[in-house]
Amino acid sequence: MHFHILTLFPEMVMSGLETSITGRAIKNGLLSIEAVNIRDYAFNKHNSVDDYPYGGGAGMLMQAEPVYLAYRSVEEQIAGRRAGGEEKKPRVVYLSPQGRTFSQEMAQELALEEDLVLLCGHYEGIDERVLEEIVTDYVSIGDYVLTGGELPAMVMVDAISRLVPGVLHNDVSAEFESFQDNLLEYPQYSRPEVWHDKQVPPVLLSGHHANIEKWRREQSVIRTAKRRPDLLEKAQLTEEEKRLAREVTGEEDA
Ligand code: ADE
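None of these values were measured; they are calculated from a predicted model.

Cut-off values and rules
Residues numbered from 1 in each chain as written. Predicted model: local features only at pLDDT ≥ 70, side-chain atom pairs only at ≥ 80, totals over all residues. Heavy atoms only, no water. 1 Å grid on protein atoms, 1.4 Å probe; cavity = no way out; pocket = protein on both sides within 12 Å on 5 of 7 lines; lining within 4 Å. Points joined across faces, edges and corners; volume = space filled by probe spheres on them. Helix = DSSP H or I, 4+ residues; strand = E, 2+ residues; numbered from the N terminus. Nonpolar A, V, L, I, M, F, W, Y, C, P; charged D, E, K, R; others polar. Polar contact = N/O pair within 3.5 Å; in protein donor to acceptor, adjacent residues only side chain to side chain. Domains from an automatic or database assignment. Buried < 20%, exposed > 50% of the residue type's maximum accessible area, 1.4 Å probe, protein only. Arc of directions from axis to C-beta. Contact = heavy atoms within 4.5 Å.

1. Describing the layout of surface pockets
Next, step 1: A volume near 460 Å³ is recorded for the largest pocket.
Next, step 2: What lines the largest pocket is a set of 25 residues, and nearest its centre among them are Tyr94, Leu95, Ser96, Pro97 and Gly125.
Next, step 3: Contributions of two or more residues to the lining of the largest pocket are made by strand 5 (91–101), helix 5 (128–134) and strand 7 (137–140).
Next, step 4: For the lining of the largest pocket, the leading source of residues is strand 5, giving 5 residues.
Next, step 5: Its residues assigned to classes, the lining of the largest pocket shows 13 nonpolar, 10 polar and 2 charged.

In structure tokens:
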């Protein structure tokens, strides 16, 4: 999968994503991540990419042309790679608090794309005309306002990358971790067996796989009911599991 991040801060994005698991996946050729510096497409001698908003108001806006030219360079690069193949425009995500809230489901959908363009805004935003022309998806990472789209873009690349086959080495863990099936992950323990007087739950030492699976599933239900009861509505629970969840949330049995 190829990520193309349009940004004024390419070093920030690359230093974060070239580390750890995404970095390893880049080295292994499973992912490519390029940060395109929008400032390289400034069209005036001062190299500036922002200007005052028409109509007045606080702050500066990123101008349409540098953003457009940076996007076109990515589009041409993709067309070159796919030469002779399908002429499909890439999805272009604009990171903005005004977007749809990012979710595991959205990550799964986007992980199926061959190319993904992420546009990071700064200052007070970007001239609306270029957004209308190139953006296919508006995405927010939560209801709070950050100083720019770089951290949200990194969050998205991280969450999407780990779903690309081979990136985690252990595809089973991508499947079973928190939010899959709308249940949170069960608690986990490693050595030693006793730490600060706390004993690892005995069932995990029993070697009885069916009992371990049963215990883990119950723990997932209990934990979700305690910490994220809002998720339970969408989880597929047996009648017994529903009873267990009601016990935890203190709801009366119907
Ligand atoms: N840019 C600024 N704040 C943001 C947010 N919460 N999500 C996505 N992009 C943003």
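2. Topic: the side chain of Ser161
Next, step 1: In this structure, Ser161 sits in helix 6 (residues 150–161).
Next, step 2: Among the polar contacts listed, one links the side chain of Ser161 to the backbone oxygen of Val157, at a separation of 2.6 Å.

3. A closer look at the domain arrangement of the chain
Next, step 1: Here the chain is partitioned into domain 1 (2–169) and domain 2 (176–253).
Next, step 2: Here domain 1 and domain 2 have C-alpha centroids that lie 37 Å from each other.

4. A word on helix 1 (residues 10–17)
Next, step 1: Of the residues making up helix 1, those classed as buried are Pro10, Val13, Met14 and Leu17. Here the buried residues of helix 1 occupy an arc of 90° about the axis, which is enough to place them on one side.
Next, step 2: Of the surrounding secondary structure, the elements contacted by the buried residues of helix 1 are strand 1 (2–7), helix 2 (20–27), strand 2 (32–37) and helix 6.

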